[in-house]
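Report on the structure
Residues per chain, in single letters:
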Amino acid sequence: MTSTAISDLTLNNGVTLPPIGLGVFQSPPAETSAAVTTALELGYRHVDTAAAYANEREVGVGIRDSGIARDEVVIETKVWPSDYGRDETRHAFDKAAAKLGVDRIDVLILHQPAPAGFDRTVAAYLALQQLLADGAVRAIGVSNFMPHHLDRLLAEVDVVPQLNQIELHPYFTQPEVQAADAGHGILTQAWSPIGGITFYPGPWGDDRRSVLADPTIAQIAAAHGKSPAQVMLRWGMQQGRSVIPKSTSPARIAENLAVFDFALAADELATIDALDTGRRSGPDPDGARTDLFDRVIPEA
């Protein structure tokens, strides 16, 4: 019989984090605090935000309102490219910590590789290394880094990233990125683990299909008495990934956490793997996106 147990994930520096966290991408600030409080009351212990989401302050409020001890909650946030550079990234930490209302951030990562100015990306990562050495953060990492970005970074830094947060769902599994991460001992963390990014705003195709409506996943879900979203989250967790679903709906937040009482068989995992289209739904990490990357992150 397949075990339903899912262990916490251990990063390459020994820090642990839960296999599932609450994401707040596109969560309106007015709804974010309540969503975070609800999630923590239900049992979540990991919240993922970013400077670019403009809701770090509300995440901090939600954590405090929950009454859950600060050291029981993993707070993860991201530095935006406009704050890349040694001094700039150190200041980005100060801005994020102040908004979150904390002295230490658990996981701090670079939001994009920004390859057009990769020297600043490297400088930003070197600042993360120093923050890690100083004890200001517990773990550092990157987001949306492809294998060639990782190779360029690792040639110039001393600390291997603890995690790499990438678009990853049944329609876009990025096996080459997962393999590169594993080869370096980097945890793969999935944003859009249930494929909601198929509705990502922007010019990335008009024929995107919702993974939630996939008939193969629906059939597997029916066999387990679960929802398609729960099946996709379980698929990611059983394969050793960190998954970050997002929602502000209390019912959806609760549903996404109810994935520890069933398990997918090996053939079901393989069937879901086979749905990969090789086509991303979000933006290309190699895109210049200069105007967007120049967006200034407010001080407060």
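One can find the structure itself at the top, above this paragraph.
Overview of the structure. A quick note: this is a predicted structure, and the numbers were derived from the prediction, not measured.

What counts as what
- By convention here, each chain's residues receive numbers from 1 onward along its written sequence.
- Given that the model is predicted, a residue must reach a pLDDT of at least 70 before its local features are reported, and side-chain atom pairs must reach 80 or more before they are shown or counted; all residues, however, enter totals for whole chains, interfaces and linings.
- Only hydrogens and water are removed before side-chain values are computed, so all heavy atoms of the structure are retained for them.
- With axes taken as lines fitted to C-alpha atoms, and helix axes fitted only over the stretch in contact, angles between N-to-C directions fall between 0 and 180 degrees.
- In this description a helix means any DSSP run of H or I spanning at least four residues, a strand means any run of E spanning at least two, and both kinds are numbered starting from the N terminus.
- Put simply, angles under 35 degrees are roughly parallel, angles over 145 are roughly antiparallel, angles from 65 to 115 are roughly perpendicular, and the rest are oblique.
- In what follows, residue pairs with any heavy atoms lying within 4.5 Å of each other are defined as contacts.
- Here the term charged refers only to Asp, Glu, Lys and Arg, the term nonpolar to Ala, Val, Leu, Ile, Met, Phe, Trp, Tyr, Cys and Pro, and the term polar to all other amino acids, Gly among them.
- The classification of residues rests on relative accessible area computed with a 1.4 Å probe and restricted to protein chains. Under 20% of the type maximum is buried, over 50% is exposed, and intermediate values are partly exposed.
- The pairing criterion for strands is at least two bridges between them, as found by DSSP.
- Throughout, right-handed denotes a crossover for which the path from the first strand over the helix to the second runs clockwise when the strands point away from the viewer.
- The directions considered for the arc run from the helix axis to the C-beta atoms.

1. Some details on the packing of helix H7 (residues 215-224) against helix H8 (residues 228-238)
Closest axis-to-axis distance for the H7/H8 pair is 8 Å, and the angle between their directions is 90 degrees. On the basis of the axis angle, H7 is roughly perpendicular to H8. Contacts from Ile217, Ile220 and Ala221 in H7 reach Pro228, Val231 and Met232 in H8. Considering only residue class, the contact of H7 with H8 consists of six nonpolar, no polar and no charged.

2. Concerning the pairing of strand E7 (residues 137-143)
Regular strands show a simple pattern: their side chains alternate between the two faces of the sheet. With six of its seven residues buried, E7 lies for the most part within the structure. The pairing of strand E6 (residues 105-110) with E7 spans five bridges and is parallel. Pairing of Val107 across the sheet is with Ala139, part of E7. Handedness of the crossover joining E6 and E7 through helix H4 (residues 118-134) is recorded here as right-handed. Here E7 runs beside strand E8 (residues 163-167); their pairing, made up of three bridges, is parallel. In the sheet register, Gly141 faces E8, and the bridge partner there is Leu163. The handedness of the E7 to E8 crossover, carried by helix H5 (residues 147-154), is right-handed.

3. Observations concerning helix H10 (residues 266-273)
Within the sequence span of H10, burial applies to Glu268, Leu269 and Ile272. Buried positions in H10, seen along its axis, are confined to an arc of 100 degrees and lie on one side of it. Opposite the buried face of H10, at more than 90 degrees from it, the exposed residues are Ala266 and Asp267. Here the buried face of H10 lies against H7 and H8.

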